[in-house]
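What follows is the residue order along each chain.
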Amino acid sequence: MNSLTARTNSVDVAIIGAGPAGAVAAALLRKAGRSVLVLERQHFPRFSIGESLLPQSMAYLEEAGMLKAVVEAGFQHKNGAQFIWRDKSSAFDFRDKHSPGWGTTYQVERAVFDDLLIRCAAEQGADVRFGHTVSAMQTGSAPVLEVVAEDGEAYQVHARYVFDASGFGRVLPRLLHLEAPTGMPTRAAIFTHVRDGLPLDATDRNKICVATHPERRDVWFWMIPLAGGRSSVGCVAEAAFLDCPEHERESKLRALIQQEPTLSRLIGEAPFLMPVRHIGGYAANVERLHGPGYALLGNAGEFLDPVFSSGVTIALRSAHLAVKTLERQFNGETVDWQADYDAPLRKGIDTFRAFVERWYTGELQDIIFYPRQTTMIRRMISAILAGYAWDETNPYVADPVKRLETLHEVCKIF
Ligand code: FAD
């Protein structure tokens, strides 16, 4: 995959980052017959957080020619989400939802998943260079990237267009000063993998478990069963709540898990399979998702919050929409990146934003645990939780803020 000899440094599209957004964009561009160069600063497989996919993402994997590889990889099947708070439990089955489309997906070790996707892109003809870091860019109708290879060699890449899919690296937002306020408080997560050793009927391995802290509705845990008897476990809270020296993270996470009865029962003293990691201040936003000669994909553009596992789905949606828009431009059409890419992508992000904000106020939790919800409304909410946040036939997509406020008027009585 690494073409250190005979480097071609002039391509149709240069992509910064080989995560899910970069890999799917590369494969879709190759399908359209474009030359693609992916520059990735790390070597794969590499750890990444974000292990629970949403069914909506399957359509993009399918279109990118990656479905067979993903299905055959042996990842943990996923069909929904289970929410828990004190003695309340509410499970959504994503196969029962308002929007048409995939109702199941996978829970994946991202090191394996991301490696698989970029290998698929390379098999389709993308030139992928690991250990190559993008350090600067000249924007314009003929953008130029400055790249540093790990042997220290610096070189330039000339492209007709650049996709920044650098995730939390946020290469172009930083270099071009595109960053904007997120409106989200600074939250953090501590997490690890555990050897769960659970009996088969102890929990529904096909669902992510999202458990709210019994006393703090703005603090929540995830348990994501993975293949092979391991689970990903984490806690999300405002940054100060999780603050502790690195050597105390393990005891901090264990103590927090003990405070939530369901996770305490499921995880107990199960061994941690890796040091507890910390990530904070991940919420990010930009003024615009495009500029002269470039577009921002996935987390390089905007990231809200992990609570609804929407990150990879938004990343793949952005890759799909950016490629469609760029193809029209390459084919001679006049393209308005604001109207054709930025605004439509943000429509779904804004749906998730309305849900995320009301999750932390507790309003959405009231709605989720409300025992007398109509089947129709549960199916509409299920569709959004499954990633169908752009389907405007769903009233909770068309006008999420108003709809959720009205619905909460009913549910808060509970
Ligand atoms: P990434 O996967 O981050 O890939 C970006 C790549 O760019 C990296 O490989 C990086 O090395 C490379 N790069 C960076 N800088 C440079 C440079 N200068 N030059 C070259 N390469 C560079 N999402 C979900 O869908 N489900 C979840 O359950 C979920 N849980 C989460 C939990 C937490 C605590 C957090 C913080 C996020 C979670 N997410 C989840 C979000 C998910 O991690 C991201 O949305 C997803 O990884 C974004 O993919 P991407 O392709 O945009 O970027």
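Residues numbered from 1 in each chain as written. Predicted model: local features only at pLDDT ≥ 70, side-chain atom pairs only at ≥ 80, totals over all residues. Heavy atoms only, no water.

Novice: Hey, could you run me through the site of the ligand in this one?
Specialist: As a matter of local geometry, the ligand sits amid 36 residues, with Glu-40, Gln-42, Ile-49, Ser-52 and Val-312 nearest to it. Between an oxygen atom of the ligand and a main-chain N or O atom of Pro-20, the distance comes to 3.3 Å. Interatomic distance of 2.6 Å between a side-chain N/O atom of Glu-40 and an oxygen atom of the ligand. When the ligand sits alone it has 1,000 Å² of accessible area, and the protein chains cover 97% of it. Residue composition of the shell around the ligand, by class: 17 nonpolar, 14 polar and five charged. In this structure, the shell around the ligand is formed jointly by two domains, domain 1 (3-78 + 104-180 + 284-347) and domain 2 (187-280), each of which donates at least three residues. (Near = heavy atom within 4 Å. Polar contact = N/O pair within 3.5 Å; in protein donor to acceptor, adjacent residues only side chain to side chain. Areas by Shrake-Rupley, 256 points an atom, 1.4 Å probe, with all protein chains shown as cover. Nonpolar A, V, L, I, M, F, W, Y, C, P; charged D, E, K, R; others polar. Domains from an automatic or database assignment.)

Novice: Which parts of the structure should I look at to understand the packing of aromatic side chains?
Specialist: Where two aromatic rings form a pair, the distance of their centres and the angle of their planes describe that pair. Evaluated as defined, the whole model comprises 16 aromatic pairs. With 6.0 Å between their ring centres and 70° between their planes, Phe-75 and Phe-113 make a pair best called edge-to-face. Taken together, the residues Phe-75 in the loop between helix 3 (67-72) and strand 3 (76-78) and Phe-113 in helix 4 (residues 110-123) connect sequence positions 38 residues apart. Per residue, the accessibility class of Phe-75 equals that of Phe-113, and both read buried. Both rings, one in Phe-168 and one in Phe-303, keep their centres 5.5 Å apart while their planes meet at 90°; by these two values the pair is edge-to-face. Here the residue Phe-168 occupies a position in the loop between strand 10 (154-164) and helix 5 (171-175), and Phe-303 occupies one in the loop between strand 19 (294-296) and helix 9 (311-330), the gap between them amounting to 135 residues. A relative accessible area of 11% places Phe-303 in the buried class. Among the aromatic residues, ring-to-ring pairing joins Phe-83, Phe-92, Phe-308, Phe-355 and Trp-359 into one connected group. Directly above the aromatic system of Tyr-360 lies the positively charged group of Arg-187, at a separation of 3.4 Å from the ring centroid. (Phe/Tyr/Trp six-rings, centres within 6.5 Å; stacked < 30°, edge-to-face > 60°. Helix = DSSP H or I, 4+ residues; strand = E, 2+ residues; numbered from the N terminus. Buried < 20%, exposed > 50% of the residue type's maximum accessible area, 1.4 Å probe, protein only. Lys NZ or Arg CZ within 6 Å of the ring centre and 35° of its normal.)

That is the geometry; function is a separate question.
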